[in-house]
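# Structure assessment
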Amino acid sequence: MIPIHPLDQDPRLTLPALEEGDFYAFHVMIKPAGAQCNLDCAYCFYLHKEDLLQQGKLPRMSESLLEAHIRQYIAAQTGPEVVFTWQGGEPTLMGLDFFRRVVELQARHAKPGQAIANDLQTNGILLDDEWCAFLKQHRFLVGLSIDGPAALHDAYRYSKGGKPTFERVMAAVQLLHRHAITFNALCVVNRLNARKPIDVYRFLRDEVRPRIIQFLPAVEPVSFRAVAPGYWNPDELPVSGSPRARPGQPDSVVADWSVDPEDWGYFLTRVWEEWLKRDFGRVFVDQFENVISQLLGRGAQNCVSGQICGKALAIEHDGSLYSCDHFVYPEYRLGHIREVHEGDMAFSERQQAFGFAKYQTLPAYCRGCRYLQLCWGECPKNRFVKTPDGEAGLNYLCPGLKKFYARIVADRAVFLGRMGMSTGNCII
Ligand code: SF4
Ligand code: SF4
């Protein structure tokens, strides 16, 4: 048993005194091992933080910072549940004793009537029976990264020595099922697997069998290791649909492994067709649940398709808090939890401005778009192309997003009918 660390002083939480019924909630992704990972995936958007943030050889969150984060994160929230998301890099590199300590500290600082939940995003390589027994006992929701059948998965997800990882990830899938652990599959849709939507979807549905399938488009500008999102030179941005706004061109604006915008639309649309035909109400695909919720006017369930964002922050192993997991750059560092209370940073004017900018900085092209209320310009980190009339700030994925939303809207009578609703219930 690791000894309990003595309580140390936190900066004071200066949010206004809470009235009965006030609701303060936010979400922080924790990177206890910094950007360190036991794999070397080609498309990783985070590995380069080791250099950018000068994390050194062994970035590790200290016990006292861990306790400060847990204490402040719980103290600043008044919702019925506080969710801790452990990510990286690879969080299992911290070892099981670290997570045993996590649940001890959470129990110690939990507030009456408030549930604590944990998510662990992992590549699965280090999972074994001991890990699984722990995850099961403490009800961690696991997110497992897997990109499709072996040839597609191994195309970009390999070890430090360039070795394939598919077999090891599938061993983790078997372990998770054997221990009856709830897990989601996170599939990064890149330049290659985007062209095989049905192979990828059927493999995930039939072989991996997660609770929810999540698709994440691989998109980064070529300059992502050095230039923070939003700091691009507008004069250098290509027009959407032009050759430079697609991967695989010598002077392309995006990294070579990025999903082609048209392929992103093709991928989602093909999976949607298969899902609607065979799996509606039976298999859960994150994007589809989300877009149906939006279409019914019930709001977005994820930040990228919401009107505003800014409630999903990230904390690095050294206690620095950033506006978002995709904005871990010095330009978006909000401060340090030893100097300013995490709750004050999360609800600061600066962070609110970050969240409102998602809507306020949309180009006129988006404001006039038929699908605005489903898309809201997607994630600001991907807004590095120009509109056809030359305005900067359009989302790189726009052509594919339009294709997908057009299909959803065209099919709405079909799926709403199955839900006992009509198109009169829709916002579009
Ligand atoms: S910047 Fe993108 S990923 Fe981050 S909170 Fe906003 S929409 Fe979500
Ligand atoms: S589909 Fe394209 S134009 Fe429409 S809101 Fe989304 S990014 Fe903007």
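Residues numbered from 1 in each chain as written. Chains lettered and ligands numbered in written order. Predicted model: local features only at pLDDT ≥ 70, side-chain atom pairs only at ≥ 80, totals over all residues. Heavy atoms only, no water.

### A word on unusual backbone geometry
As a reminder, the rule being used: For helices the rule is a DSSP run of H or I covering at least 4 residues; for strands it is a run of E covering at least 2, with both sets numbered from the N terminus onward. The buried label goes to any residue with under 20% of its type's maximum accessible area, the exposed label to any with over 50%, and the partly exposed label to all in between, with areas taken from a 1.4 Å probe on protein chains only.
Residue Gly89 is reached from Gly88 by a cis peptide bond, and omega for that bond is 5 degrees. Locating Gly89 in the fold gives a position in the loop between β2 (81-86) and α3 (96-109). In this model, Arg139 sits at a positive phi of 55 degrees, which is unusual for a non-glycine residue. Within the secondary structure, Arg139 is located in the loop between α4 (129-137) and β4 (141-145). Arg139 sits in the exposed class, given a relative accessible area of 73%.

### Describing the site of ligand 2
Selection criterion: Proximity criterion: a residue is near a molecule or strand once any of its heavy atoms comes within 4 Å of it. Only Asp, Glu, Lys and Arg are considered charged in this grouping, and only Ala, Val, Leu, Ile, Met, Phe, Trp, Tyr, Cys and Pro are considered nonpolar; every other residue, Gly among them, is considered polar.
Taken together, Tyr365, Cys366, Cys369, Cys375, Gly377, Cys398 and Lys402 form the complete shell of residues around ligand 2. Secondary structure elements with two or more residues in the shell around ligand 2: α12 (364-367) and α14 (398-410). Within the shell around ligand 2, the residues separate by chemical class into five nonpolar, one polar and one charged.

### So, the site of ligand 1
Every residue near ligand 1 is listed here: Cys303, Val304, Cys309, Cys324, His326, Phe327, Phe354, Lys358, Cys379 and Pro380. For the shell around ligand 1, a count of residues per class yields eight nonpolar, one polar and one charged.

### Notes on helix α9 (residues 286-295)
Stated precisely, the cut-off is as follows: Residue contacts follow a heavy-atom distance rule, with two residues in contact if any of their heavy atoms lie within 4.5 Å.
With eight of 10 residues buried, α9 lies mostly within the body of the structure. Where α9 is concerned, the buried positions are Gln287, Phe288, Asn290, Val291, Ile292, Ser293, Gln294 and Leu295. Check the buried side of α9 and you find it contacts β6 (212-217), α8 (261-279), β7 (284-285), α13 (372-375), α14 and α15 (412-418). One or two residues past the end of α9 sits Gly297, with phi positive at roughly 75 degrees.

### Comments concerning the sheet that holds strand β9 (residues 320-322)
Let me state the cut-off plainly: For two strands to count as paired, DSSP must find a minimum of two bridges between them. Orientation is described by lines fitted to C-alpha atoms, with helices fitted over the stretch in contact, and by angles between N-to-C directions that extend from 0 to 180 degrees.
Taken in spatial order, the 10 strands line up as β7-β6-β5-β4-β3-β2-β1-β8-β9-β10 in an open sheet, and their pairing is mixed. This sheet does not close on itself; its edge strands, each paired only once, are β7 and β10 (333-336). Note that β4 and strand β5 (residues 183-189) share four bridges and pair parallel. Counterpart to Leu144 in the pairing with β5 is Ala185. Along the sheet, α8 makes contact with β5, β6 and β7, crossing β6 at roughly 165 degrees.

### As for the packing of aromatic side chains
Test applied: In this scheme Phe, Tyr and Trp rings, the latter by its six-membered ring, pair at centre separations within 6.5 Å, and the angle between planes marks the pair as stacked below 30 degrees, edge-to-face above 60, and tilted otherwise.
As enumerated under the stated definition, the model contains 33 aromatic pairs in all. Look at Phe99 and Phe140: their rings are 6.3 Å apart centre to centre, the planes differ by 80 degrees, and that puts the pair in the edge-to-face class. Pair noted here: Phe99 is in helix α3 and Phe140 is in the loop between α4 and β4, with a separation of 41 residues, a long-range link. Relative to Tyr332, the ring of Tyr231 lies with its centre 6.0 Å away and its plane at 85 degrees, an arrangement referred to as edge-to-face. Taken as a pair, Tyr231 in the loop between β6 and α8 and Tyr332 in the loop between β9 and β10 lie far apart in primary sequence, 101 residues in all.

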